[in-house]
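Structure assessment
Chain by chain, the residues:
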Amino acid sequence: MVVTSMDQNEWVIFAELRRSDFELVVSILSDHFPRLEWGSQCDDWLWIYCRDYKLEIDSFSSMELEVKGPRKAYGLAQEVLRLLPPSVFVQVFERPKLDLTR
């Protein structure tokens, strides 16, 4: 049996959101998190800073919005995802998917 440990600093994708709902996502999350940066220019991006983590929601490597960050930010990612309405989700990964763009 081979046992592999998960690197908690490894970047993963927690979920995919509908890109067409970007403004709604920004509106909802800006009510809950004081440290946000966001913008739109060809791609949409939103960065959430909380508890020494940076969680990213962007369309840099996908047609939809990817919610991604270090694996150790799983709790923050779950908090963010719980705030969003079901209609914005394309897919939520039960086990975060490795972000191969990093």
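Scroll up a little and you will see the structure.
To keep things clear, this report deals only with the structure shown in the data block. From a predicted model like this one, the values you see are computed outputs, not experimental measurements.

1. So, the pattern of salt bridges
Taken as a whole and judged by the stated rule, the model has 8 salt bridges. Where Arg71 meets Glu10, a salt bridge forms, and the shortest distance between an N and an O atom there is 2.7 Å. Note that Arg71 is positioned in the loop between strand S5 (65-70) and helix H2 (74-83) and Glu10 in the segment before strand S1 (11-17), a separation of 61 residues in sequence. Since its relative accessible area comes to 12%, Arg71 is described here as buried. The salt bridge involving Lys68 is made with Asp58; its shortest N-O contact spans 3.0 Å. Of this pair, Lys68 sits in strand S5 while Asp58 sits in strand S4 (residues 53-58); the two residues are 10 residues apart in sequence, bridging distant segments of the chain. Judged on exposure class, the residue Lys68 and its partner Asp58 are both buried. Residues joined in a network through salt bridges with shared partners are Lys54, Glu56, Asp99 and Arg102.

2. Side note on the nonpolar core
Counting residues in each nonpolar core, the largest one holds 25 residues, and the members touching the most others are Leu17, Leu29, Leu46, Ile48 and Ile57. Mapped by element, the contributors of at least two residues to this core are S1, helix H1 (22-30), strand S3 (43-50), S4, S5 and H2. In contact with Ile57, not counting residues within four places along its chain, are Leu17, Val25, Leu29, Asp44, Trp45, Leu46, Ile48, Leu65, Glu66, Val67 and Val80.

3. Quick look at the pairing of strand S2 (residues 36-41)
Bridge analysis of S2 against S3 gives 6 bridges, and the strand direction is antiparallel. Each bridged residue has a counterpart across the sheet, and for Leu36 the counterpart in S3 is Ile48. Adjacent in sequence and paired antiparallel, S2 and S3 are bridged by 1 residue, among which Cys42 carries a positive phi angle near 70°.

4. Describing the packing of aromatic side chains
Applying the stated criterion across every chain yields a total of 3 aromatic pairs. Centre to centre, the rings of Phe14 and Tyr74 are 6.1 Å apart; their planes meet at 55°, and the pair counts as tilted. Residue Phe14 is located in strand S1, and its partner Tyr74 is located in helix H2; the two are separated by 60 residues in the primary sequence. A residue is classified by how much of its surface remains accessible, and Phe14, at 1% relative accessible area, is buried. Over the ring of Trp47 we find Lys54; its NZ or CZ atom is 3.7 Å from the centre of that ring. A cation over an aromatic ring shows up here: Arg102 above the ring of Trp11, its NZ or CZ 3.8 Å from the ring centre.

What counts, and where the lines are drawn
Residues numbered from 1 in each chain as written. Predicted model: local features only at pLDDT ≥ 70, side-chain atom pairs only at ≥ 80, totals over all residues. Heavy atoms only, no water. Salt bridge = Lys/Arg side-chain N within 4 Å of Asp/Glu carboxyl O. Helix = DSSP H or I, 4+ residues; strand = E, 2+ residues; numbered from the N terminus. Buried < 20%, exposed > 50% of the residue type's maximum accessible area, 1.4 Å probe, protein only. Core = buried A, V, L, I, M, F, W, Y, C linked by side-chain atoms within 4.5 Å. Contact = heavy atoms within 4.5 Å. Pairing = 2+ DSSP bridges. Phe/Tyr/Trp six-rings, centres within 6.5 Å; stacked < 30°, edge-to-face > 60°. Lys NZ or Arg CZ within 6 Å of the ring centre and 35° of its normal.

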